[in-house]
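So the chains spell out like this:
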Amino acid sequence: MDGLGTTAAHQSVVDPLSVTKRLQREGRWPEVEPVRDRLMRECRNQGMSKSEAQAWTYSELDRLYPPPEPEPTADSDSPCGATDGGYVTGLSDIPESWGKLPPNASLASDIRWVQASRIDVVEETASGTIVHLDRADRPAPSKAALGWLETSIRAYSKYCAIAAKATAHYEDEQKVVRRERLSVEQVRQALSEMLD
């Protein structure tokens, strides 16, 4: 689970029941419940106790699915009804040490980079959002990852839906690779027995 250790240090403690009830009131629980189950599994696979896994998972759900912003009013000074409080700056300030980024990488690798780096590179201010790409612990896999980072700032719920699909697809690919390795190992073992 990418970023579990680093993200856990930045998490606040939340009441799981309060988070669940809020998400149910907002009508988002059907979307969130599979994410909750996946996060719990991943935490348990990392060796966390049930209570640790629950504390981390619900803090992460509270971060991933914050309460919706109030609808903008006619007298709102927020441009185009943006929910990020203003403008996003810094996305084009790519550190020289990153070199030339390819246009695209796999969706899973782009999303994993955003998930792992977002907390370090995004700074919310009263006038908008500032992105400090130089704070990332590794370069983005592609320019598309920077687009996904922007989506995570401007349209977080849309980003979360894409991230859930991308990580689910990535997990499916990992299962296929594991099955193939097991099959190859079984063939090697059978051949080895035949040679003996």
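So, here is what we can say about the structure in this document. Computed from a predicted structure; not experimentally measured.

About the cut-offs
Residues numbered from 1 in each chain as written. Predicted model: local features only at pLDDT ≥ 70, side-chain atom pairs only at ≥ 80, totals over all residues. Heavy atoms only, no water. Patch = residues over 30% accessible without salt bridge, like charges linked within 9 Å, V, L, I, M, F, W, Y side chains within 5 Å. Areas by Shrake-Rupley, 256 points an atom, 1.4 Å probe, with all protein chains shown as cover. Salt bridge = Lys/Arg side-chain N within 4 Å of Asp/Glu carboxyl O. Helix = DSSP H or I, 4+ residues; strand = E, 2+ residues; numbered from the N terminus. Polar contact = N/O pair within 3.5 Å; in protein donor to acceptor, adjacent residues only side chain to side chain. Contact = heavy atoms within 4.5 Å. Expected span 1.5 Å × (residues − 1). Bend = angle between axes of the 7 residues up to and from the residue. Buried < 20%, exposed > 50% of the residue type's maximum accessible area, 1.4 Å probe, protein only. Pairing = 2+ DSSP bridges. Phe/Tyr/Trp six-rings, centres within 6.5 Å; stacked < 30°, edge-to-face > 60°.

Glancing now at a nonpolar patch on the surface. Taken together, the side chains of V187, L191 and M194 present a nonpolar region at the surface, about 330 Å² in accessible area. Tracing the chain through its elements places V187 in helix 7 (residues 156-195).

Here we come to the side chain of R22. Note on placement: R22 falls in helix 2 (residues 16-25). Reaching out from R22, the side chain makes a polar contact with the backbone oxygen of Y65 at a distance of 2.9 Å. Other than its neighbours up to four places away in sequence, R22 contacts R28, D62, Y65, P66 and P67.

Turning next to helix 5 (residues 107-121). Taking 1.5 Å of rise per residue, 15 residues should cover 21 Å, and helix 5 covers 20 Å from first to last C-alpha, within 8% of that figure. Residue Q115 marks the point of greatest curvature in helix 5, where the axis turns by about 35°. Three or more residues of helix 5 are buried, namely A108, S109, D110, I111, W113, V114, A116, S117, R118 and V121.

On to the pairing of strand 2 (residues 122-125), then. Both strand 2 and strand 3 (residues 128-131) contribute to a ladder of four bridges, which runs antiparallel. Across the sheet, residue T125 finds its bridge partner in strand 3, namely G128. The loop that links strand 2 with its antiparallel partner strand 3 comprises two residues.

Let us look at the pattern of salt bridges. Per the counting criterion, the structure on display carries nine salt bridges. Between E26 and R22 there is a salt bridge; the shortest N-O distance is 3.2 Å. Its relative accessible area of 26% is what places E26 among the partly exposed residues. The salt bridge involving E26 is made with R28; its shortest N-O contact spans 2.7 Å.

Before going further, it helps to examine the packing of aromatic side chains. Taken as a whole and assessed by the stated rule, the structure comprises two aromatic pairs. Geometrically, the ring pair formed by W98 and W113 is edge-to-face, given 6.0 Å between the ring centres and 90° between the ring planes. One end of the pair, W98, is in the loop between strand 1 (87-89) and helix 5; the other, W113, is in helix 5, with 15 residues separating them in the sequence. Given the relative accessible area of 11%, W98 is considered buried. Taking the centre distance of 6.0 Å and the plane angle of 40° together, the rings of Y156 and Y159 count as tilted. Here Y156 pairs with Y159, and both are found in helix 7, just three residues apart, close to one helical turn. Accessibility classification places Y156 together with Y159 in one group, the buried group.

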